[in-house]
Amino acid sequence: MLYSIYEFNRIAMTPWRAAANATRSSLRAPWNPMGDTVAGRTMAAAAELFESVTRRYAKPDWMLEHTEINGKCVGVTDTIVWSKPWCNLIHFERDHDALLAARKSKKADPKVLFVAPMSGHYATLLRGTVEAFLPDHEVYITDWADARMVPIHEGRFDLDDYAAYVREMITLLGPDVHVVAVCQPGPPTLGAIALMAEDKDPARPASMTFMGSPIDTRLSPTVPNKLSEEKPFDWFANNLIHTVPGPNPGAFRRVYPGFLQLAGFMNMNLDRHVDAHWNFFNHLVEGDGDSAEKHRTFYDEYLAVMDLSEEFYLQTITDVFQEHKLARGEQEHHGRKVDPSAIEDIALLTVEGENDDISGIGQTQAAHTLCANLPDSLQQDWIQPEVGHYGVFNGRRFNEHIAPMMKTFMREKGAAALKAR
């Protein structure tokens, strides 16, 4: 019922948004003298602010059409190289001829697979992460599907399916790939790799990196961690799961809706978001186009959210945040025990942010404890000062400190892991 009410309200606001857009366009038209007045700029700003906070934000584009290598521009095309109902694997393919001309070398770049979070936002949230690796890596990323868009006949999708998808993609890319799990996918990715290690799978990756991941949320619990433990399982099942209404492709599927997730995201730092929108309004009135555009760019991404399947969300709540199964050695994958101690020749890097309010210090580092039989020479830990959760994989400090460190780790310890086999 709640989802239907939300959809009805969204549709009901359509004529109002159209009116706001018309008002904004007319006031900013060059022929309208009122557009140069304070009153005109204020009305146009109010109209744009209204439209922006009542809109459903579509899945953002990647907007990565080129990269720069040795001062030369190299074209980039995002291509789907593997696909299943719940995920596409995207390869950011660089123009071969331009790449050779820029490099003057035929040596292949390392392959890196970014396992994007399936926790509300689209994979494009990692646009800056991908961009940082494009000049010197063959970059692949998981592009998870919005549950609202997956027809119910495609079946269910849970945490075990997620891990199975990750293993299939690693197998496709081969043993020289470097796997990077950002936030939520840490536990299922570690589980998938542990199974590959136990099977002595020849396609097991050269290295694995976990960034701000909830490997063991008992350590330095944050507000979301505490909420997950304080509320009983039935509270999540009864209050956060709703049915997708028609005419969405995924009609009748039970999901954790994106709009509820977004409400949770916003409430964690509500004052900051209110201030940001108030500043946006003032920038529009003042004619500060650069600041206004930065706001649009950030919130076009931040406010674009996706639904999660009921079974995936609830299994994540129980297994990861309430029962800590992986950390306690009780995680199973389709009835088979997951044992990270089986990992002996896959380099391990953990990255945490000093001010992370989503995954606290130590939660990601727990991967080192679980990989008990991995030599110290193949392990590395990094805590980045003065960054929060998103700063772990995006922004200035990521580009200046974290990304270069990750590349060195992959080049040195990843190569050492392959030689050890």
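Note that the coordinates shown come from a computational prediction; the quantities given were computed from them, not determined experimentally.

Draft legend 1. Representation of the overall build of the chain. Counting its secondary structure elements, the chain contains 15 helices and 14 strands. Rg of the C-alpha trace for the chain: 23 Å, near the compact-globule value of 22 Å for 421 residues, within the 12% margin. Principal-axis analysis of the C-alpha atoms places the extent of the chain at approximately 75 × 60 × 40 Å. Counting across all 421 residues of the chain, residues that qualify as buried make up 52%. A separation of at least 24 residues holds for 78% of the contacts in the chain among residues at least 6 apart in sequence.

Draft legend 2. Representation of helix α10 (residues 258-268). Among the residues of α10, G258, F259, Q261, L262 and M266 are the ones counted as buried. Here the buried residues of α10 occupy an arc of 155 degrees about the axis, which is enough to place them on one side. Residues of α10 that are buried in the fold lie against α1 (2-12), β9 (254-256), α11 (270-286), α12 (289-302) and β10 (308-309).

Draft legend 3. Inspection of the side chain of Q261 at higher detail. The residue Q261 is located in helix α10 in this model. A residue is classified by how much of its surface remains accessible, and Q261, at 3% relative accessible area, is buried. A polar contact of 2.9 Å, which involves the side chain of Q261, links it to the backbone oxygen of M306. If near-sequence neighbours (up to four positions away) are discounted, Q261 is found in contact with S119, G120, Y256, M306, D307 and L308.

Draft legend 4. The environment of R94, seen in detail. Within the element layout of this structure, R94 appears in strand β3 (residues 87-94). The exposure class assigned to R94 is buried, which follows from its relative accessible area of 5%. In the structure, R94 is positioned 305 residues away from N399 in sequence and 20 Å away in space, judged by C-alpha atoms. Within the structure, the side chain of R94 is placed 2.9 Å from the backbone oxygen of L134, a separation counted as a polar contact. For R94, the side chain forms a polar contact with the main-chain oxygen of P135, separated by 3.4 Å.

Draft legend 5. Expanded view of the packing of aromatic side chains. Tallied over the entire structure, the rule returns 21 aromatic pairs. Ring geometry for Y6 versus F259: centroids 4.0 Å apart, planes at 15 degrees, classification stacked. Separated by 253 residues along the polypeptide, Y6 in helix α1 and F259 in helix α10 bring together distant segments of the chain. An aromatic cluster of three or more residues is present, and its members are W82, W86, W144, F157, Y162, Y165 and F312. A cation over a ring is seen here: K407 above F133, with NZ or CZ 5.2 Å from the ring centre.

Draft legend 6. Broad picture of the environment of H91. Relative to the elements of secondary structure, H91 occurs in strand β3. The exposure class assigned to H91 is buried, which follows from its relative accessible area of 10%. Sequence spacing of H91 and I141 is 50 residues, and the spatial spacing of their C-alpha atoms is 6.7 Å. Residues contacting H91, with those up to four places away along its chain left out, are T77, D78, T79, V81, E138, V139 and Y140.

Draft legend 7. Up close: the pairing of strand β7 (residues 207-211). A large share of β7 lies buried, amounting to five of its five residues. Going residue by residue along β7, you find S207, T209 and M211 tucked away on one face and M208 and F210 tucked away on the opposite face as well. Inspection of the sheet shows strand β6 (residues 177-182) paired to β7 by five bridges, in the parallel sense. If you follow V180 over to β7, its bridge partner there is T209. Remark: the β6/helix α7 (residues 186-198)/β7 crossover connection has right-handed handedness.

Draft legend 8. Expanded view of the packing of helix α6 (residues 159-173) against helix α13 (residues 310-322). At their nearest, the axes of α6 and α13 sit 8 Å apart, and the two run at 95 degrees to each other. The angle between α6 and α13 falls in the class roughly perpendicular. In contact with L159, D160 and Y162 of α6, α13 contributes F312, Q315, T316, D319 and V320. Each residue belonging to the contact of α6 with α13 can be placed in one class, and the counts come to four nonpolar, two polar and two charged.

Draft legend 9. Just the sheet that holds strand β1 (residues 66-69), in detail. Read from one edge to the other, the open sheet built from nine strands follows the order β1-β2-β3-β5-β4-β6-β7-β13-β14, with strand pairing classed as mixed. The sheet terminates laterally at β1 and β14 (379-384), the two strands that pair on one side only. Within this sheet the neighbouring strands show an average axis-to-axis angle of 25 degrees, counted without direction. Sheet analysis places strand β2 (residues 72-84) next to β3, joined by eight bridges and oriented antiparallel. Across the sheet, the residue bridging to T77 is E93, located in β3. Along the sheet face, helix α4 (residues 96-103) touches β1, β2 and β3 and points at about 135 degrees away from the line of β2.

Draft legend 10. Just the pattern of salt bridges, in detail. Applying the stated criterion to the full structure yields 30 salt bridges. Of the charged contacts, one joins R55 and E51 as a salt bridge, the two residues approaching to 2.9 Å between their closest N and O atoms. Relative accessible area serves as the criterion here: at 31%, R55 is assigned to the partly exposed category. Linking D201 and R167 is a salt bridge whose minimum nitrogen-to-oxygen distance equals 3.2 Å. Of this pair, D201 sits in the loop between α7 and β7 while R167 sits in helix α6, placing them 34 residues apart in sequence. Relative accessible area serves as the criterion here: at 13%, D201 is assigned to the buried category. Overlapping salt bridges bring together R24, R28, E48, E293 and R296 as one network.

Criteria and thresholds
- Residues numbered from 1 in each chain as written.
- Predicted model: local features only at pLDDT ≥ 70, side-chain atom pairs only at ≥ 80, totals over all residues.
- Heavy atoms only, no water.
- Helix = DSSP H or I, 4+ residues; strand = E, 2+ residues; numbered from the N terminus.
- Rg over C-alpha atoms; globule rule 2.2 N^0.38 Å.
- Buried < 20%, exposed > 50% of the residue type's maximum accessible area, 1.4 Å probe, protein only.
- Contact = heavy atoms within 4.5 Å.
- Arc of directions from axis to C-beta.
- Polar contact = N/O pair within 3.5 Å; in protein donor to acceptor, adjacent residues only side chain to side chain.
- Phe/Tyr/Trp six-rings, centres within 6.5 Å; stacked < 30°, edge-to-face > 60°.
- Lys NZ or Arg CZ within 6 Å of the ring centre and 35° of its normal.
- Pairing = 2+ DSSP bridges.
- Right-handed = clockwise from strand over helix to strand, strands pointing away.
- Axes fitted to C-alpha atoms, helices over the stretch in contact; angles between N-to-C directions.
- Parallel < 35°, antiparallel > 145°, perpendicular 65-115°, else oblique.
- Nonpolar A, V, L, I, M, F, W, Y, C, P; charged D, E, K, R; others polar.
- Salt bridge = Lys/Arg side-chain N within 4 Å of Asp/Glu carboxyl O.

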